[in-house]
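Residues per chain are reported as follows:
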Amino acid sequence: MISFQTPEEMKEVIAALYRFIEVEVEPLRKKYQKELENERYFYDENGLYAERIQEAFKQVRLKSAKAGFYTMFGVPELGGSGDKFGPIAVALIYEAILKKYGLDPLVMEIFPAGLFTDGLTPALLGMHPETKDELVPRISKGEITLCFGLSEPDAGSDVWAMKTKAVKDGDHWIINGTKQWITNAHYAQYGIIFAVTDPDLVAKRKGGITCFLVPFDGKTCVATSSIPYMGQLGSRIAIVSIENARVPEKNMIGDLHQGFGKALHGVDIGRIVMASNCIGAAQWALDKAINYANERKAFGVTIGNHQAIQVMLADCAMEIYAARNMVLHCAWKMENQDKLPIKEISMIKAYCTEMLQRVLDRCIQIHGAMGLTNEMKLEKVWRWARTLRIPDGTTEIQKRTIARRLLQGDTSFQ
Ligand SMILES: Cc1cc2nc3c(=O)[nH]c(=O)nc-3n(C[C@H](O)[C@H](O)[C@H](O)COP(=O)(O)OP(=O)(O)OC[C@H]3O[C@@H](n4cnc5c(N)ncnc54)[C@H](O)[C@@H]3O)c2cc1C
């Protein structure tokens, strides 16, 4: 029997999260209001988070870890509760948060970024026991954070074009290269860095990339500059310069030459996160548009009486409904089927990110000039929605995966 009802225990978790936000996060919002509400204070002159913003984020992280939320989706092998809170829980919880709070930077800090670039990410599976004992307790408490260094100036969609190299030197590895667009690089203590260890295997696209944990030591591994984008005065993404970083063998994660599969592993849950964020944010925007359509008057009636507005509202609702069911179905497949639903994971990433942008665009239109103001925050979420079509595999790369699966005979929609 298929059930689309949110399970009772999930409703309780969501209620507990709302309470946590009320009791622990809202006081911080008041304390750091000036920095949170004005981008001129949110970022410093170099486009980095202002010190007080870093302080606020750290407090949310530490409180979230203490309450058990920070690690609730983490891999069980490292002490996370991802076995209890699988893809369906991820989908329902992220949706609930974004629907209620929209794109709220403080609230977003409750969980590690994307669930795969930081925290107890699947990318850490295969750590050396010594490194694991040393770092995992501190990662779990939110004391130290990570970043995920895969992309490079000349290697984005085509990861195989990677130039960062790791060369063996006794019981150490010497790593050289540049990583680009790396989320959280400026604030992380360690980078999960992917490097070429066997160029011949890489040339054949048969492996040859290995994953290492590289400390940001301020000399050999450094986040050099933040990259402002989409009208922001700064950002969380940065360029990472790695010059003769010497890391011990125990910092290798997983098997030699097998880093590529590792990189893809965590991205799956990241795509559920991203798609569910989109569904929550789209409902947040639609709620605003419905309220406005019921209040704002033009030509003697509230604008909700005009058919053109009704059509936009209906188009938003249809797309949200379709997207939401896609995500839940895909999450269900991830939890209940042996094989990873590769085609469906790509579908939800591509569809939900594009859906959110269309929904936001209509909701801005319904608000008229008000929709363009900072006050409504719709334009900010629209800019964010636009960015989502690029990271974790562009829309085109997702469609390439979907088509390849279809052509290989995976034509089932069940
Ligand atoms: C906000 C943000 C955060 C990010 N965070 C991280 C991070 O933490 N860690 C990390 O490693 N990376 C991160 N990235 C990088 C991201 O993963 C890459 O930007 C992405 O993989 C695309 O690579 P690219 O930008 O080099 O575009 P390219 O690969 O150069 O693509 C350019 C265009 O060509 C298209 N294209 C390329 N190949 C094909 C093909 N075979 N078929 C059809 N079309 C194709 C693309 O879809 C795109 O439209 C982040 C990016 C952003 C924007």
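Predicted model only: the values in this text are computed from it and were never measured.

## Details of the overall build of the protein
Argument step 1. For the protein, the count of helices and strands is 13 helices and 10 strands.
Argument step 2. Seen along its three principal axes, the alpha-carbon backbone of the protein occupies a region of about 80 × 55 × 40 Å.
Argument step 3. For the protein, the residues scored as buried account for 52% of the 414 residues in total.
Argument step 4. Restricting the contact set of the protein to residue pairs at least 6 apart, pairs at least 24 apart contribute 72%.

## What about the side chain of Thr 387?
Argument step 1. Considering the arrangement of structural elements, one finds Thr 387 in helix H12 (residues 378-387).
Argument step 2. By relative accessible area, which is 14% here, Thr 387 ends up buried.
Argument step 3. Not counting chain neighbours up to four residues away, the residues in contact with Thr 387 comprise Tyr 229 and Met 230.

## With respect to the site of the ligand
Argument step 1. Close contacts around the ligand come from 17 residues, with Phe 148, Ser 151, Ser 157, Thr 394 and Glu 396 the closest.
Argument step 2. With the chains in place, 65% of the 970 Å² that the ligand exposes on its own is no longer accessible.
Argument step 3. Taken together, the elements giving at least two residues each to the shell around the ligand come down to strand S3 (172-183) and helix H13 (395-407).
Argument step 4. The residue inventory of the shell around the ligand, partitioned by class, reads nine nonpolar, five polar and three charged.
Argument step 5. Viewed by domain, the shell around the ligand spans two of them, domain 2 (146-258) and domain 3 (261-407), each represented by three or more residues.

## Brief notes about the domain arrangement of the protein
Bring the parts together and some accessible area is lost; that lost area is often taken as the interface size.
Argument step 1. When the domains of the protein are assigned, the result is domain 1 (8-124), domain 2 (146-258) and domain 3 (261-407).
Argument step 2. Summarising the inter-unit geometry, the C-alpha centres of domain 1 and domain 2 are found 25 Å apart.
Argument step 3. Contacts between domain 1 and domain 2 engage 16 residues on the former and 16 residues on the latter.
Argument step 4. Between the two partners, domain 1 and domain 2, sit one salt bridge.
Argument step 5. At the surface where domain 1 touches domain 2, the tally comes to eight residue pairs in polar contact (both at pLDDT 80 or more).
Argument step 6. In terms of residue class, the side of domain 1 that touches domain 2 is made up of six nonpolar, six polar and four charged.

## What about the nonpolar core?
Argument step 1. One finds Phe 73, Ile 93, Ile 110 and Phe 111 to be the most contacted residues of the largest nonpolar core, which totals 111 residues.
Argument step 2. When neighbours within four sequence positions are excluded, Ile 110 is seen to be in contact with Leu 17, Phe 20, Ile 21, Val 25, Val 60, Ser 64, Phe 69 and Tyr 70.
Argument step 3. Among the nonpolar cores identified, the runner-up in size contains 20 residues, and Trp 173, Ala 195, Val 240 and Met 252 belong to it.

## Topic: the pattern of salt bridges
Argument step 1. Tallied over the full model, the rule gives 24 salt bridges.
Argument step 2. The partner of Arg 29 in a salt bridge is Glu 26, and the shortest N-O contact between them spans 2.8 Å. Of this pair, Arg 29 and Glu 26 both sit in helix H1 (residues 8-31), separated by three residues, roughly a single helical turn.
Argument step 3. Looking at Glu 26, the relative accessible area reads 19%, which means it is buried.
Argument step 4. One salt bridge in this structure joins Lys 343 and Asp 410, with 3.0 Å as the shortest N-O distance. Of the two residues, Lys 343 is situated in helix H11 (residues 342-366) and Asp 410 in the segment after H13; the sequence distance between them amounts to 67 residues.

Parameters at a glance
- Residues numbered from 1 in each chain as written.
- Predicted model: local features only at pLDDT ≥ 70, side-chain atom pairs only at ≥ 80, totals over all residues.
- Heavy atoms only, no water.
- Helix = DSSP H or I, 4+ residues; strand = E, 2+ residues; numbered from the N terminus.
- Buried < 20%, exposed > 50% of the residue type's maximum accessible area, 1.4 Å probe, protein only.
- Contact = heavy atoms within 4.5 Å.
- Near = heavy atom within 4 Å.
- Areas by Shrake-Rupley, 256 points an atom, 1.4 Å probe, with all protein chains shown as cover.
- Nonpolar A, V, L, I, M, F, W, Y, C, P; charged D, E, K, R; others polar.
- Domains from an automatic or database assignment.
- Salt bridge = Lys/Arg side-chain N within 4 Å of Asp/Glu carboxyl O.
- Polar contact = N/O pair within 3.5 Å; in protein donor to acceptor, adjacent residues only side chain to side chain.
- Core = buried A, V, L, I, M, F, W, Y, C linked by side-chain atoms within 4.5 Å.

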